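Architecture at a glance
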Protein chains: 4
Amino acid sequence: MSNVEKHLRLTHAGAMRILEAAVAKAVQMGKPQCIAVVDEGGNLLAFTRMDGGKILSIESAIRKAATAASSRGPTGGIQGDLEFRLAHATSGRLVNLKGGLPIIVDGITIGGIGCGSQTGEEDLEVTKAGLAAIEGAQTFG
Amino acid sequence: MSNVEKHLRLTHAGAMRILEAAVAKAVQMGKPQCIAVVDEGGNLLAFTRMDGGKILSIESAIRKAATAASSRGPTGGIQGDLEFRLAHATSGRLVNLKGGLPIIVDGITIGGIGCGSQTGEEDLEVTKAGLAAIEGAQTFG
Amino acid sequence: MSNVEKHLRLTHAGAMRILEAAVAKAVQMGKPQCIAVVDEGGNLLAFTRMDGGKILSIESAIRKAATAASSRGPTGGIQGDLEFRLAHATSGRLVNLKGGLPIIVDGITIGGIGCGSQTGEEDLEVTKAGLAAIEGAQTFG
Amino acid sequence: MSNVEKHLRLTHAGAMRILEAAVAKAVQMGKPQCIAVVDEGGNLLAFTRMDGGKILSIESAIRKAATAASSRGPTGGIQGDLEFRLAHATSGRLVNLKGGLPIIVDGITIGGIGCGSQTGEEDLEVTKAGLAAIEGAQTFG
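For the structure given in this document, a descriptive report is provided here.

Rules and cut-offs
Residues numbered from 1 in each chain as written. Chains lettered and ligands numbered in written order. Predicted model: local features only at pLDDT ≥ 70, side-chain atom pairs only at ≥ 80, totals over all residues. Heavy atoms only, no water. Helix = DSSP H or I, 4+ residues; strand = E, 2+ residues; numbered from the N terminus. Rg over C-alpha atoms; globule rule 2.2 N^0.38 Å. Buried < 20%, exposed > 50% of the residue type's maximum accessible area, 1.4 Å probe, protein only. Contact = heavy atoms within 4.5 Å. Areas by Shrake-Rupley, 256 points an atom, 1.4 Å probe, with all protein chains shown as cover. Phe/Tyr/Trp six-rings, centres within 6.5 Å; stacked < 30°, edge-to-face > 60°. Buried area = accessible area lost by both parts, 1.4 Å probe. Salt bridge = Lys/Arg side-chain N within 4 Å of Asp/Glu carboxyl O. Polar contact = N/O pair within 3.5 Å; in protein donor to acceptor, adjacent residues only side chain to side chain. Nonpolar A, V, L, I, M, F, W, Y, C, P; charged D, E, K, R; others polar. Pairing = 2+ DSSP bridges. Least-squares fit on C-alpha atoms with pLDDT ≥ 70 in both. Expected span 1.5 Å × (residues − 1). Axes fitted to C-alpha atoms, helices over the stretch in contact; angles between N-to-C directions. Parallel < 35°, antiparallel > 145°, perpendicular 65-115°, else oblique. Left-handed = near helix turned anticlockwise from the far one by under 90°.

Remarks on the overall build of chain A
Looking only at helices and strands, chain A features 4 helices and 4 strands. Along chain A, helices (α) and strands (β) appear in the sequence α-β-β-α-α-β-β-α when read from the amino end. For 141 residues, the compact-globule estimate of 2.2 N^0.38 gives 14 Å, and the C-alpha radius of gyration of chain A, at 14 Å, lies within 12% of that figure. Overall size of chain A, expressed as C-alpha extent along the three principal axes, is 50 × 35 × 25 Å. Counting over 141 residues, chain A shows a buried share of 53%. Put simply, of all contacts in chain A between residues at least 6 apart along the chain, 62% involve residues at least 24 apart. Element-wise, carbon and sulfur atoms account for 50% of the exposed surface of chain A, whose accessible area totals about 6500 Å².

Written as structure tokens, this is what we have:
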């Protein structure tokens, strides 16, 4: 095995296209959002709070994005007490709220997207619209 | 879309009038309170702890005010596990205790009021009395 | 004194224009940045990390923006030990690094911009380019 | 020695009078402030942020008040490296900024007052005006 291998990375341009697509969807829905994009390491790449997005959703949108990138799957599917164990174990960084999706291209997780301010279903709809801006990214139900 | 738009702001004088009105109500009820007023961004504008108000209600009253300002509605209406998910996702800043109300004037949220130390119903009654000090503010049930 | 008074607010569209203008400048300089825009209350409105922007500058760029909005002036001018006293007193939220500017329109502070990843002078140059996207905003030296 | 002894306590009415006196002084100076009053235990009793008071001074004003109550003397007099050792040891809760004074009556410390948003000297002047509202309280230079 080699020490170093090829990887994929979400660019700044890609992150901004995600924001644009997500904002367009939220505008169409008439439901303002906080929208966050993080890289594979959970570090913030891009963020926007629309007029009417909620102050307390700034942090939760970022955490949804990081949770999705870390778990490599949609947020919100953890069952039972495990959810609260994980929340405590991560000082709340791992969230089990709907609205976070990983960005997976060619089987490689390159980041995550998180939206928040509305219902979980509405947040997720906007996250999906953002994800669709990345050609070839894995889609989720 | 313009870069800057007209807005409204709760003044210091307004915040102090809210405290006075809320204190007067709490005195009448014989139930001392912690009373907090925050601006639209959730930052503290005014606070008072009456003789007999609880130490551990200082922070919860402030958080009720910030939660109401952020969600633009009364605190305490979140159902089921969502409450705990949101609490964790915001490191406890979002609270689902009764006693927080937003201050909405001409359809614009300009802040929030939170009270705590007694039962949720009693806290809310004092919060309502505080809100009534702001002429033209939206009322709640 | 009235309870509520007229105010101005930085829109989402304005915040995104600031990012675009700042990114364009940083691209021209060949110096990637983290760029943050906050509202008057120091809450995040928009953020972007360019390819090559530094992970540890994510938070410092946001704090520069919030410091400039709070102090209503450029960051980096505090002299002597006062800097460290203020940093400790705010748990590091107040930073004295160059690269933060307030957004002041018609004499009203409506937010702040902070950049970080390069030298203080280079960060400030990009912040100024971002500020120039807001017509009528006060300029700084 | 008895197990329990007589003590003095700052009332809610006293705390509000301190705010009023401090605000009056700040208005006269034309220098808006954040003003905090804490009890002997460092727990918040009353707070107000005047129009133009700084967001990042909310917390530092509260910490000045608590530092003065804890040390039973004016803030800002710690010399040399001790300052930073104490700041670190208290996670920044102990501040060495001017503008905090203890409230001492009959030799008993019953609380502290802290002001912040302007220069240390200006903050202290407003704190002194607040302290003067408490008849019989020890004065400081």
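Some points on the packing of aromatic side chains
If you walk through the whole model with that rule in mind, you get 2 aromatic pairs over all chains. Relative to phenylalanine 84 of chain D, the ring of phenylalanine 84 of chain C lies with its centre 6.3 Å away and its plane at 85°, an arrangement referred to as edge-to-face. With phenylalanine 84 of chain C in helix H3 (residues 82-89) and phenylalanine 84 of chain D in helix H3 (residues 82-89), this residue pair bridges two chains.

Some points on the interface of chain B and chain C
The partner chain C presents 21 residues to the 21 residues of chain B that form the contact. For the pair chain B and chain C, the summed buried area comes to about 1800 Å², and 49% of that belongs to carbon and sulfur atoms. Summed over the three residues of chain B that lose the most area to chain C, namely Asn3, Val4 and Arg9 of chain B, the buried surface amounts to 35% of that side. Viewed at the interface, chain C and chain B are joined by 2 salt bridges.

Observations concerning the interface of chain D and chain B
At the junction of the two partners, chain D supplies 18 residues and chain B supplies 18 residues. Linking chain D to chain B there are 4 salt bridges. Between aspartate 51 of chain B and arginine 9 of chain D there is a salt bridge, with the nearest N and O atoms lying 3.4 Å from each other. At the junction of chain D and chain B, the tally comes to 15 residue pairs in polar contact (both at pLDDT 80 or more). Counting residues per element, the ones that place at least two in the side of chain D that touches chain B are helix H1 (12-29) and strand S2 (44-49) of chain D. Considering each element in turn, the side of chain D that touches chain B owes the most residues, 6 residues, to S2 of chain D. When its residues are assigned to classes, the side of chain D that touches chain B shows 10 nonpolar, 4 polar and 4 charged. Alignment of strand S3 (residues 44-49) of chain B against S2 of chain D, held across 3 bridges, turns out to be antiparallel. Following the sheet pairing, threonine 48 of chain B is matched in S2 of chain D by alanine 46 of chain D.

Observations regarding the relation of the copies chain D and chain B
For the pair chain D and chain B, the relating rotation is 180°, the translation along its axis is 0.0 Å, and the fit reaches an RMSD of 0.2 Å. The superposition operator between the copies reduces to a two-fold rotation axis. Taking the C-alpha atom as reference, chain D places phenylalanine 47 of chain D closest to the rotation axis, 2.4 Å from it. Of the residues that chain D buries at the interface, 100% are likewise interface residues in chain B, meaning the two copies contact each other through the same surface.

Notes on helix H4 (residues 120-131) of chain C
Residue and element names in this part refer to chain C. The terminal C-alpha atoms of H4 lie 16 Å apart, and with 12 residues this matches the ideal 16 Å at 1.5 Å per residue to within 8%. Those residues of H4 that fall on the buried side of the exposure criterion are Glu122, Asp123, Leu124, Val126, Thr127, Ala129, Gly130 and Leu131. Of the surrounding secondary structure, the elements contacted by the buried residues of H4 are helix H1 (12-29), strand S2 (34-39), helix H2 (56-71), strand S4 (100-105) and strand S5 (108-116).

Side note on the packing of H3 of chain C against H3 of chain D
Viewed as axis vectors pointing N to C, H3 of chain C and H3 of chain D meet at an angle of 15°, and their least axial separation amounts to 10 Å. With respect to H3 of chain D, the element H3 of chain C is oriented roughly parallel. The way H3 of chain C lies across H3 of chain D gives a crossing that is left-handed. Between H3 of chain C and H3 of chain D, the residues in contact are Phe84, Arg85 and His88 of chain C and Glu83, Phe84, Ala87 and His88 of chain D, respectively. Considering only residue class, the contact of H3 of chain C with H3 of chain D consists of 3 nonpolar, 2 polar and 2 charged.

Here's the deal with the sheet that holds strand S4 (residues 108-116) of chain A
The 8 strands are arranged S3(A)-S4(A)-S1(A)-S2(A)-S3(C)-S2(C)-S5(C)-S4(C) in an open sheet whose pairing can be described as antiparallel. Only two strands of the sheet have a single neighbouring strand rather than two, namely strand S3 (100-105) of chain A together with S4 of chain C. Averaged over all pairs of adjacent strands, the angle between strand axes in this sheet comes to 15°, irrespective of strand direction. Each of strand S1 (34-39), strand S2 (44-49), S3 and S4 of chain A together with strand S3 (44-49) of chain C touches helix H1 (residues 12-29) of chain A; the most contacted strand, S2 of chain A, lies at about 25° to it. Here helix H4 (residues 120-131) of chain A sits on the sheet and contacts S1, S3 and S4 of chain A; the angle it forms with S4 of chain A, its principal contact strand, is near 140°.

Thoughts on the pattern of salt bridges
Under the counting rule described, the total for this entry stands at 32 salt bridges over all chains. For arginine 49 of chain A, the salt bridge identified is with aspartate 39 of chain C, shortest N-O distance 2.9 Å. Here arginine 49 of chain A is found in strand S2, whereas its partner aspartate 39 of chain C is found in strand S2 on a different chain. Of the charged contacts in the structure, one is a salt bridge between glutamate 125 of chain C and lysine 25 of chain C, with a shortest N-O distance of 3.7 Å. Note that glutamate 125 of chain C is positioned in helix H4 and lysine 25 of chain C in helix H1, a separation of 100 residues in sequence. Residue classification places glutamate 125 of chain C among the partly exposed residues on the basis of a relative accessible area of 38%. Linked by salt bridges that have partners in common, Asp51 of chain A, Glu5 of chain B together with Arg9 of chain C make up one network.

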